[in-house]
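# Fold and contact review
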Amino acid sequence: MYKIAVVGDRDSVLGFKTLGLEVHPAETPEQARKIIRRLAEENCAVIYLTEQMGAQLGDVLDHYKDQVTPAIILIPGKEGSLGIGMKNITSAVERAVGADIL
C-alpha cells in the first residue's frame, strides 16, 4: 500500500500527523535528502515537502520530477509561501497539457 508523507521543519509538519500522514521532521537539507530517498525506496506515493526545504534541494526535486512515484509536492512552511510550489505545479501542468491552463 502506498503512503503519503510530509517532510520539513518540525513546526511546519507536526500538524499533518492529525490527518494520518507520516510526518518526518528534518532540520537540515541533508536530513531531508536522506528521508526522501528512504521514503522513495519504501514506495511512498506522495511526499509533501516544505518550500523552504525544497528551495535547498533542487537536485532532489529534479531527480524525482519525471518519475511516477514519489510525487514531491512543495507546500508553504511556517514562514509562509515562497511561490515555488505553485510555479512547479504550473510547470508540470504545462508539460502535461502543452499550455498554461492555470
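Every chain begins its residue count from 1, and numbering advances along the sequence as written. At least 70 in pLDDT is required for a residue's local features to be given in this predicted model, at least 80 for side-chain atom pairs to be given and counted, and no such filter applies to totals for whole chains, interfaces and linings, which use all residues. The basis for the side-chain values is all heavy atoms of the structure; hydrogens and waters are excluded.

### Here we look at the overall build of the chain
Across its full length, the chain carries five helices and four strands. Type-normalised accessible area, obtained with a 1.4 Å probe on protein chains alone, sets the label of each residue: buried when under 20%, exposed when over 50%, and partly exposed for intermediate values. Within the chain, buried positions represent 37% of all 102 residues. Only heavy atoms matter for contacts: two residues are in contact if any of them lie within 4.5 Å across the pair. Taking as baseline every contact in the chain between residues at least 6 positions apart, the subset at least 24 positions apart corresponds to 58%. Helical segments are the DSSP runs of H or I of at least four residues, strand segments are the runs of E of at least two, and each set is numbered from the N terminus.

### Observations concerning the nonpolar core
Of all hydrophobic cores here, the largest spans 17 residues; its most connected members are Val7, Ile36, Leu39, Ile47, Leu49, Leu57 and Ile72. Among the secondary structure elements, those contributing two or more residues to this core are β1 (3-8), α2 (29-41), β3 (44-50), α4 (58-64) and β4 (71-75). Per element, the largest residue contribution to this core is four residues, and it comes from α2. By convention a nonpolar core is built from buried Ala, Val, Leu, Ile, Met, Phe, Trp, Tyr and Cys residues, the set being connected through side-chain atoms within 4.5 Å. Residues Val6, Val13, Val23 and Ile75 belong to the second largest nonpolar core, which totals five residues.

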